[in-house]
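The chain contents come next:
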Amino acid sequence: MNYEQLTKQLMLADEYRMGCLRAAREVGLPDWYLGAGFLRNAIWDHLHHKTEMTPLNDIDLVYFDNRDVSCESEQKIETQLKALFPQANWEVRNQARMHLRHGHQPYQNTVEGIRQWIEVPTCVGVRLEFDNQLTICAPFGLEENWSLKIKINPENQRPAVYRDRIKNKSWLQIWPKLTAE
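Worth saying up front: this structure is predicted, and the values here are computed from it rather than measured.

Conventions adopted
Residues numbered from 1 in each chain as written. Predicted model: local features only at pLDDT ≥ 70, side-chain atom pairs only at ≥ 80, totals over all residues. Heavy atoms only, no water. Phe/Tyr/Trp six-rings, centres within 6.5 Å; stacked < 30°, edge-to-face > 60°. Helix = DSSP H or I, 4+ residues; strand = E, 2+ residues; numbered from the N terminus. Buried < 20%, exposed > 50% of the residue type's maximum accessible area, 1.4 Å probe, protein only. Lys NZ or Arg CZ within 6 Å of the ring centre and 35° of its normal. Axes fitted to C-alpha atoms, helices over the stretch in contact; angles between N-to-C directions. Parallel < 35°, antiparallel > 145°, perpendicular 65-115°, else oblique. Left-handed = near helix turned anticlockwise from the far one by under 90°. Contact = heavy atoms within 4.5 Å. Nonpolar A, V, L, I, M, F, W, Y, C, P; charged D, E, K, R; others polar. Core = buried A, V, L, I, M, F, W, Y, C linked by side-chain atoms within 4.5 Å. Pairing = 2+ DSSP bridges. Right-handed = clockwise from strand over helix to strand, strands pointing away. Salt bridge = Lys/Arg side-chain N within 4 Å of Asp/Glu carboxyl O.

## A short note on the packing of aromatic side chains
Summed over the entire model, instances satisfying the criterion amount to four aromatic pairs. Note on Tyr3 and Trp146: the rings are 6.1 Å apart at their centroids and 25° apart in plane angle, and the pair reads as stacked. Taken together, the residues Tyr3 in helix H1 (residues 3-12) and Trp146 in helix H7 (residues 143-147) connect sequence positions 143 residues apart. Here Tyr3 falls in the partly exposed class, since its relative accessible area comes to 25%. Three or more aromatic residues joined by ring pairs make a cluster, and in this case those are Trp44, Trp171 and Trp175. The ring of Phe140 has Arg115 sitting right over it, with the charged end atom 4.7 Å from the ring centre. A cation over an aromatic ring shows up here: Arg127 above the ring of Tyr33, its NZ or CZ 4.4 Å from the ring centre.

Okay, structure coming up:
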């Protein structure tokens, strides 16, 4: 089964997500992706046959720019995105500085940052290229998302954070076919 192609089809069929992707592309950030729940939730909604999208708390836009790692630059980008697509609650994070928050060695690109997120199905992102093709980032692949399994990231094992996220985000209630490791 080609999970990447299935995932791209889901994105292309979702007007809201495509609007977010077009807005993100317009900002012109280096090495950017819309990640985590933006992609993960679309797959889980599809597999649960939801006719309405599960509301997203925020849209995680991640990028990599080691020339400007200020929080102010992220806030400016959020303001730009809100003007371009006000329906979304944007959260922008430069992965060139996120290693400091987590006590890791500096990341070399956005994929390394995404690779550090807590759950394997969350370690995903998507970008809309200028030729309107979608690029998927999935350092651990997409199989976990499509299998409805939640596993802790083997490279960033923080079991208490993992358990808290599953509980506090009510994933097992929203998507009852999910199983958590």
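Moving on from the coordinates now.
## Here we look at the packing of helix H2 (residues 15-27) against helix H3 (residues 37-47)
H3 packs onto H2 with a crossing angle of 165° between their chain directions and a minimal axis gap of 12 Å. Taken as axis vectors, H2 and H3 run roughly antiparallel relative to one another. Helix-helix and strand crossings are classified by hand; for H2 and H3 the assignment is left-handed. Residues Arg17, Cys20 and Leu21 of H2 lie in contact with H3, whose contacting residues are Gly37, Phe38, Asn41 and Ala42. For the contact of H2 with H3, a count of residues per class yields four nonpolar, two polar and one charged.

## Structural notes on the nonpolar core
Formed by 43 residues in total, the largest nonpolar core has its most connected members in Leu21, Trp32, Leu34, Phe38, Leu61 and Trp90. Non-local contacts of Trp90, meaning those with residues more than four positions away in its chain, are made with Cys20, Ala23, Leu34, Ile59, Leu61, Glu78, Leu81, Lys82 and Phe85.

## Side note on the pairing of strand E2 (residues 59-63)
Of all five residues that make up E2, five are buried, and the element is covered over most of its length. Side chains Ile59, Leu61 and Tyr63 of E2 all project onto a buried face; the interleaved residues Asp60 and Val62 project onto the opposite face, where all are buried too. Pairing of strand E1 (residues 33-35) with E2, which is carried by three bridges, proceeds in the antiparallel orientation. Each residue of the ladder has a partner; that of Leu34, found in E2, is Leu61. Strand direction decides the pairing type here: E2 and strand E3 (residues 90-94), joined by five bridges, are parallel. For Val62, the partnering residue across the bridge sits in E3 and is Arg93. With helix H4 (residues 71-84) bridging E2 and its parallel neighbour E3, the resulting β-α-β unit is right-handed.

## Points about the sheet that holds E3
Within the open sheet, the five strands sit side by side as E3-E2-E1-E4-E5. Their pairing is mixed. The sheet terminates laterally at E3 and strand E5 (134-137), the two strands that pair on one side only. Across the sheet, the axes of successive neighbouring strands diverge by a mean angle of 30°, strand direction being ignored. Taken strand by strand, H1 contacts strand E4 (125-128) and E5, and its axis lies near 125° from that of E5.

## Notes on the pattern of salt bridges
When the charged atoms of two side chains with opposite charge come close together, those side chains can pair. Applying the stated rule across the entire model yields eleven salt bridges. With a closest N to O distance of 3.2 Å, Glu4 and Lys8 form a salt bridge. Residue Glu4 and its partner Lys8 are both found in helix H1; the two are separated by four residues, about one turn of the helix. The buried category is assigned to Lys8, whose relative accessible area is 17%. Between Arg127 and Asp31 there is a salt bridge whose closest N-O contact spans 3.7 Å. Of this pair, Arg127 sits in strand E4 while Asp31 sits in the loop between H2 and E1, and the two are 96 residues apart along the sequence. A relative accessible area of 28% means that Asp31 is categorised as partly exposed. Within the structure, one salt-bridge network assembled from shared partners comprises Glu74, Glu78, Arg93 and Arg97.

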